[in-house]
Amino acid sequence: QQQVKQSPQSLIVQKGGISIINCAYENTAFDYFPWYQQFPGKGPALLIAIRPDVSEKKEGRFTISFNKSAKQFSLHIMDSQPGDSATYFCAAKAGANNLFFGTGTRLTVIP
Amino acid sequence: NAGVTQTPKFRILKIGQSMTLQCAQDMNHNYMYWYRQDPGMGLKLIYYSVGAGITDKGEVPNGYNVSRSTTEDFPLRLELAAPSQTSVYFCASRAGTGGNEQFFGPGTRLTVL
């Protein structure tokens with residue numbers, strides 16, 4: 001059973017556009033929600049993370065929006081650039097427990 | 001700081017062969033993890049360790065074994081390779097208390113034929 005459900009599986013966006021990736025979860029004990037970015041041939045790297053006591057966190061062009069009541073969170077990439085083309089994973093964990101990852105979204109930003 | 005290193009980068013095994021995937025970190029992290037990544041499936045946790053001498057099963061441990069004799073090293077052992085173990089394997093580490101970020105190695109691409 002997939003603990004964190006991620007959509008879409010793939011996404012194509014024009015340069016300068018907004019990329020939006022969505023994730024949903026059921027376990028209300030989750031208290032840490034990171035997004036990882038993975039370039040081809042590399043391991044994932046932490047991009048941005050949020051805790052459920054805030055509804056939004058922004059770092060540069062990357063924003064996490066968090067809806068606790070709907071048990072959903074999303075990654076928004078503003079002014080998307082070709083260099084943002086990568087696979088993005090959402091994840092969640094509860095306390096000291098292990099991370100559960102979504103299935104990933106392959107983002108392609110076309111010039 | 002080399003971070004998390006993994007060897008080999010690529011390997012082809014025949015069914016029934018065994019091998020060890022090596023993982024080392026130089027950040028003095030307590031927690032270490034092994035994941036496998038299959039297309040469209042995300043990252044699945046195989047085994048993890050919270051410190052030297054302590055290991056535990058993750059979501060998909062069957063067919064694998066681990067050991068953690070030092071803080072730095074966390075090797076993953078495949079005893080009888082099967083085609084279902086064809087995957088990309090990632091090792092990761094994190095500090096532990098107060099440190100949520102996991103640092104990943106570059107991965108090992110394993111093919112079992």
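For the structure itself, consult the block above.
To keep things clear, this report deals only with the structure shown in the data block. A quick note: this is a predicted structure, and the numbers were derived from the prediction, not measured. (Residues numbered from 1 in each chain as written. Chains lettered and ligands numbered in written order. Predicted model: local features only at pLDDT ≥ 70, side-chain atom pairs only at ≥ 80, totals over all residues. Heavy atoms only, no water.)

## Points about the packing of aromatic side chains
Both the distance between ring centres and the angle between the ring planes are used here to describe each pair of aromatic rings. All names here are of chain A. So the rule is basically this: Classification of ring pairs rests on two measures: the distance between centres of Phe, Tyr or Trp rings, Trp counted by its six-membered ring, which must be within 6.5 Å, and the angle between planes, read as stacked under 30 degrees, edge-to-face over 60 and tilted in between. Remark: exposure states derive from per-residue accessible area (1.4 Å probe, protein chains only) relative to the maximum for the residue type, with buried under 20%, exposed over 50%, and partly exposed in between.
Per the counting criterion, the structure on display carries 21 aromatic pairs over all chains. Ring centres 6.5 Å apart and planes at 90° place the aromatic pair phenylalanine 30 and phenylalanine 33 in the edge-to-face group. By relative accessible area, which is 0% here, phenylalanine 33 ends up buried. Note on phenylalanine 30 and phenylalanine 100: the rings are 6.1 Å apart at their centroids and 45° apart in plane angle, and the pair reads as tilted.

## Topic: the state of the cysteines
Residues and elements named next belong to chain B. For the record, the criterion: Throughout, a disulfide means two cysteine sulfur atoms within 2.5 Å of one another. Going along the chain from the N terminus, every DSSP run of H or I of four or more residues is numbered as a helix, and every run of E of two or more is numbered as a strand.
One pass over the full model with this rule turns up 2 disulfides over all chains. With its sulfur 1.8 Å from that of its partner, cysteine 23 forms a disulfide with cysteine 91. Looking down the S-S bond of the cysteine 23 and cysteine 91 bridge, the torsion is -70°, so its handedness is left-handed. Of this pair, cysteine 23 sits in strand β3 (residues 19–25) while cysteine 91 sits in strand β9 (residues 87–94), and the two are 68 residues apart along the sequence. Residue cysteine 23 shares its accessibility class with cysteine 91, and that shared class is buried.

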